[in-house]
Amino acid sequence: SVFMSQPSLLELDPGICICGDTHGQYHDLLRLFEMGGFPPASNYLFLGDYVDRSRQSVETIVLLLCYKVRYPEFFFLLRGNHESATLNRM
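Only a predicted model underlies this, so the values are computations on that prediction, with no experimental measurement involved.

A. Local environment of the packing of aromatic side chains. Counted under the stated rule, the structure contains 10 aromatic pairs. By way of ring pairs, the aromatic residues Phe33, Phe38, Tyr44, Phe46, Tyr67, Tyr71 and Phe75 are connected into one cluster. Between the NZ or CZ atom of Lys68 and the centre of the ring of Phe3, over which it lies, the distance is 5.9 Å.

Written as structure tokens, this is what we have:
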């Protein structure tokens, strides 16, 4: 319901950390938060591609989704091409 409550076009205020593809790199994601500040102390916009190419894709997406649910006004997730059924089929 958090995702459904927000518009598809986001209008965000300046002072936000914009982050590119994480590709399941959990330790890199933690390092990013250590450098930029953990939510809600810092605002984040992630551009997608959260999974793939790493053994810790599940941990990465779960952490991101937890932050999104906990801080919906400070943490934003866009859908990348890796967030599709065809790429994530097992």
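B. Representation of the nonpolar core. Ranked by internal contacts, the top residues of the largest apolar core, which has 14 residues, are Phe33, Phe46, Tyr50, Leu64 and Phe75. If we ignore the near neighbours within four places in the chain, the residues touching Phe75 are Phe33, Pro39, Tyr44, Phe46, Leu64, Tyr67 and Lys68.

What counts, and at which threshold
- Sequence order as written defines the numbering, with residues in each chain counted from 1.
- Thresholds applied to this predicted model are a pLDDT of at least 70 for local features of residues and 80 or more for the giving and counting of side-chain atom pairs; totals over whole chains, interfaces and linings are not thresholded and use all residues.
- Side-chain calculation: all heavy atoms of the structure are included, whereas hydrogens and water are not.
- Between 30 and 60 degrees the pair is tilted, below 30 it is stacked and above 60 it is edge-to-face, where a pair is any two Phe, Tyr or Trp rings, Trp via its six-membered ring, whose centres lie within 6.5 Å.
- Consider the ring centre and the ring normal. A charge sits over the ring if Lys NZ or Arg CZ is within 6 Å of that centre and within 35 degrees of that normal.
- Nonpolar cores are built from buried Ala, Val, Leu, Ile, Met, Phe, Trp, Tyr and Cys residues. Side-chain atoms within 4.5 Å join them into one set.
- Buried means the residue's accessible area, taken with a 1.4 Å probe over protein chains only, is under 20% of the maximum for its type, while exposed means over 50%, and partly exposed covers the values in between.
- Throughout, a contact is declared for two residues whenever any of their heavy atoms are within 4.5 Å.

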